[in-house]
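These are the residues of each chain, in order.
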Amino acid sequence: MAGETVITIVGNLTADPETRTTQNGGTVCNFIIASTPRQYNSQSGQWEDGPALFLRCAAWRDLAANCAQSLSKGMRVIAQGRLRQHSYQAQDGSNRIVIEMQVDEIGPSLRYATAQVTRADSQRSTRPQPTGQREDAPATDPWTADRATLSGAGRFAADRPATDPWSDADGEF
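Keep in mind the model is a prediction, meaning the values are calculated, not measured. (Residues numbered from 1 in each chain as written. Predicted model: local features only at pLDDT ≥ 70, side-chain atom pairs only at ≥ 80, totals over all residues. Heavy atoms only, no water.)

Can you walk me through the pattern of salt bridges in this structure?
Opposite charge on two side chains permits pairing when their charged atoms draw close. Following the criterion strictly, the structure yields 5 salt bridges and no others. Arginine 84 is paired through a salt bridge with glutamate 4; the nearest N and O atoms lie 2.9 Å apart. With arginine 84 in strand β7 (residues 76-89) and glutamate 4 in the segment before β1 (6-13), this pair connects stretches of sequence that are 80 residues apart. In this structure, the salt-bridge partner of arginine 96 is aspartate 92, at a minimum N-O distance of 3.6 Å. Classification of aspartate 92 by relative accessible area gives exposed; the value is 57%. Via salt bridges that share partners, Glu4, Arg82, Arg84 and Asp104 belong to a single interconnected network. (Salt bridge = Lys/Arg side-chain N within 4 Å of Asp/Glu carboxyl O. Helix = DSSP H or I, 4+ residues; strand = E, 2+ residues; numbered from the N terminus. Buried < 20%, exposed > 50% of the residue type's maximum accessible area, 1.4 Å probe, protein only.)

It is not clear to me how the environment of arginine 111 should be interpreted in this structure. Could you clarify?
Residue position: arginine 111 is located in the loop between β8 (95-108) and α2 (147-150). The sequence separation of arginine 111 and valine 77 amounts to 34 residues, and the corresponding C-alpha distance is 9.8 Å. Polar side-chain contacts of arginine 111 include one of 3.4 Å to the side chain of tyrosine 112. (Polar contact = N/O pair within 3.5 Å; in protein donor to acceptor, adjacent residues only side chain to side chain.)

Is there a simple way to think about helix α1 (residues 61-70) in this case?
Residues spaced three or four apart along an α-helix face the same direction, because each turn holds 3.6 residues. Here α1 has its buried residues at Asp62, Ala64 and Cys67. Where α1 is buried, its residues touch β2 (18-21), β3 (27-35), β6 (53-60) and β8. (Contact = heavy atoms within 4.5 Å.)

How should the pairing of β7 be read in this particular structure?
Successive side chains on a regular strand alternate, one facing one side of the sheet and the next facing the other. Where β1 lies against β7, 7 bridges are found, and the strand directions are antiparallel. Opposite valine 6, over in β7, you have arginine 82 as the bridge partner. As paired strands, β7 and β8 are joined by 13 bridges and run antiparallel to one another. Looking at the pairing, arginine 84 lines up with glutamate 100 of β8. Between β7 and β8, which follow one another and run antiparallel, lie 5 residues, and glycine 93 among them has a positive phi close to 95 degrees. (Pairing = 2+ DSSP bridges.)

As structure tokens, this is what we get:
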């Protein structure tokens, strides 16, 4: 929506994500990302940590299930979402304001790690087909397509060279 504050944060999860079901039957996964800036101190010749930002995050529906299954305490993640502000009254009667990020996208940071991506089973197959798509039309699944199909050369296999032009198998480019 227009006017929403969209941010991206890189940091580590402070605990395992917690999943719950709302009264309306929706699934939400909550977690906190700690982002700590590092600066080089030229006088001491060392890297120093700045003040940490702890941001509460909420992921909904299929994303919530994927977060709960894929993420764990200590993982470095990159998350993008919209800031939301909530007010509530604490047990002591004081009014409190909480700012959290409603996560739209999240994934592991590959700066210090590797990841194996697999397509998650979802409820998408039970949802109605998008408008204009025939029900008997073949589904295009980029997760199972071969390299020729992804590169757009799948239909014209006879026109492709027998060797992969991007590999250095023959020692030349």
